[in-house]
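What the coordinates show
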Amino acid sequence: MPPKSGKFKKVTYNFSLWNIWVATTLLKVLLFPAYHSTDFDVHRNWLAITHNLPLKDWYLEATSQWTLDYPPFFAYFEWFLSQFVPKSVIADGCLDIVAKGDYGISTIAFQRTTVIFSEIILFLSLEYLMRTSPSSQKARSFVIASSIVLSPGLFIVDHIHFQYNGMMFGILIFSIVTAKEKRYLLCGFTFAVLLCFKHIFLYLAPAYFIFLLRAYCLNDVKKFPTNFNQLINIVLWKNLLKLGGVVLSVFAICFGPFVYYGVMPNLLARLFPFSRGLTHAYWAPNIWALYSFTDRVLIQLMLHIPGVSKIITRLAPHANELLNSPELLRESAASTKGLVGEVEFFILPNIQPSATFLLTLFYQVMSLIPLFINPTFERFIGSLTLCGYASFLFGWHVHEKAIMLVIIPFTFIVCQDKRLLPVFQALSSAGYVSLFPLLYGSAEWLFKALITFVWCVIYFSSFGEVAHNYANFSTRIFLLDRINLIYSILLIPMSIFVQFMDIEARNFAILKKLEFVRLMIYSVYCALGIVGSWNGLSWLYFLDDTIWVKKDDE
């Protein structure tokens, strides 16, 4: 009943993640007995190394193949966790330095608990986002924050597969919010700390470098300098020295002890193992997945269709060797089993690390040019997202999990304009589904499929409700929006079909032999969506300036 005065009482909302924190914690505890990957033993071994050995030996120990290969701040973090291992968990083998861990449920419970507690950093960062948002943006900030907390990727990768990405993204989000608040020194400090925890975030470093340089260390000049004095005066030297001092101090604290002990060459070799192959074990859904798939299709066409064989051998004469060499045929079959190592292409040209580096650098530099010209927060997030895209799509030995480096930054601009929604939908749906092969078992499949489907339904709708409606419908491409929608819907039958093949592989030998074909279906189909979303965002980023300006209510 409304009040007798006839006026409705104004409803106020308390936007907080507390209820979500409690509910998700209970759910994560229920996931303790679920499947865990070899990454679990990786982190268990790192606990053992940092607990039992002096600091100078951390990056030399090689009893297990799971050697310590994260930057020192993460090693310090593992050492910190090892101080809290209960005696019963120590007795279970948690802190044993062995070639392969032998542990039970107590070790599993302890390590999974540490992941949950480490995510406090994520929740605090997102609470900071909501508290610093103006009242007109509270609902929008809550949708962004809750979508990240409930991300299917964090459930799949951290709480089943096993990693500590929630804590890492908490640090990244804090640095993003400080950039929005124009607290540039704190932004640079936080991102430097993040790099010292996990060096995969180097993918995003170019956008941070250009943004902080342009927004904090250079004067905003309207004309290009014509002499040396004008060039010198562009630089805000005091700011540059402060920012450089802060960042270099972080790296000095992180790496200084290892420089002192003379183990920096070993440390760097662990951080950057370029001997690994072009593609990761199961083909991350990027350009190289499509490239590898094309090579394998051409092999089959050449072997089984005489007319196509003549065309291929004319364009690629070296392919003749494949027709006359049983050994090469066996190698081509082995190269589709998802094994880590040097990948050899039999029809298409082989890809060298330098080529992947140049492609990544080119597309990153392209995204940095508009940011340098106009260093707004909106441009910064757009460039940050495109840097993540470039590294994921063109990088050397990219992991499937790296798609989170694209999805999380994109989340901060998806509400900027409704024209971004179809692009984000294609990216997030394909990106999260591409993580499905990381988990095994029917129960895990049901969980990952359900949580991804529910997340997509809730947040695609929620983002649409709170996003700015500045788009002129005459400029929107109706057909492409519908293609994105159809693509996302078809992910459902695709994943069901592959799961059905997994189940029936127990009964049919032919399906058991086609294990990598099932994984390839995920990689190739998801790659199409991710590459398509990259094209869509690039189009909007470079050709529509109206999206990348501050809106009236911000």
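Attention here is on the structure that accompanies the text. Being a predicted model, the structure only gives us computed values, none of them experimental.

**Things to note about helix H1 (residues 18-30)**
The terminal C-alpha atoms of H1, which comprises 13 residues, lie 19 Å apart, in line with the 18 Å expected from a rise of 1.5 Å per residue. Listed as buried for H1 are Ile20, Trp21, Thr24, Thr25 and Lys28. An end-on view of H1 places all buried positions within 130° of arc, on one side of the element. Opposite the packed face of H1, turned more than 90 degrees from it, sit the exposed residues Asn19, Leu26 and Leu30. Each element contacted by the buried residues of H1 is listed here: helix H5 (105-118), helix H6 (120-131), helix H7 (138-149) and helix H8 (152-162).

**A look at the side chain of Gln499**
One can find Gln499 in helix H24 (residues 478-504). Non-local contacts of Gln499, meaning those with residues more than four positions away in its chain, are made with Ser442 and Trp445.

**Considering H5**
In this model H5 runs 20 Å from its N-terminal to its C-terminal C-alpha over 14 residues, within 8% of the 20 Å that 1.5 Å per residue would give. Buried residues of H5: Thr107, Ile108, Phe110, Gln111, Arg112, Thr114, Val115, Ile116 and Ser118, and no others.

**Digging into the pattern of salt bridges**
Two side chains that carry opposite charge are able to pair once their charged atoms sit near each other. One pass over the full model with this rule turns up 8 salt bridges. Residues Arg419 and Asp417 are paired through a salt bridge, measuring 2.8 Å at the closest nitrogen-oxygen approach. The same class applies to Arg419 as to Asp417, namely buried. Here Asp544 and Arg419 are joined by a salt bridge, their closest N and O atoms 2.6 Å apart. Here the residue Asp544 occupies a position in the segment after helix H26 (515-543), and Arg419 occupies one in the loop between helix H21 (404-411) and helix H22 (421-433), the gap between them amounting to 125 residues. Residue class for Asp544 comes out buried when judged on its relative accessible area of 16%. According to the relative accessible area criterion, Arg419 is buried, its value standing at 11%. Linked through salt bridges whose partners overlap, the residues forming this network are Asp417, Arg419 and Asp544.

What counts and how
Residues numbered from 1 in each chain as written. Predicted model: local features only at pLDDT ≥ 70, side-chain atom pairs only at ≥ 80, totals over all residues. Heavy atoms only, no water. Helix = DSSP H or I, 4+ residues; strand = E, 2+ residues; numbered from the N terminus. Expected span 1.5 Å × (residues − 1). Buried < 20%, exposed > 50% of the residue type's maximum accessible area, 1.4 Å probe, protein only. Arc of directions from axis to C-beta. Contact = heavy atoms within 4.5 Å. Salt bridge = Lys/Arg side-chain N within 4 Å of Asp/Glu carboxyl O.

That is the geometry; function is a separate question.
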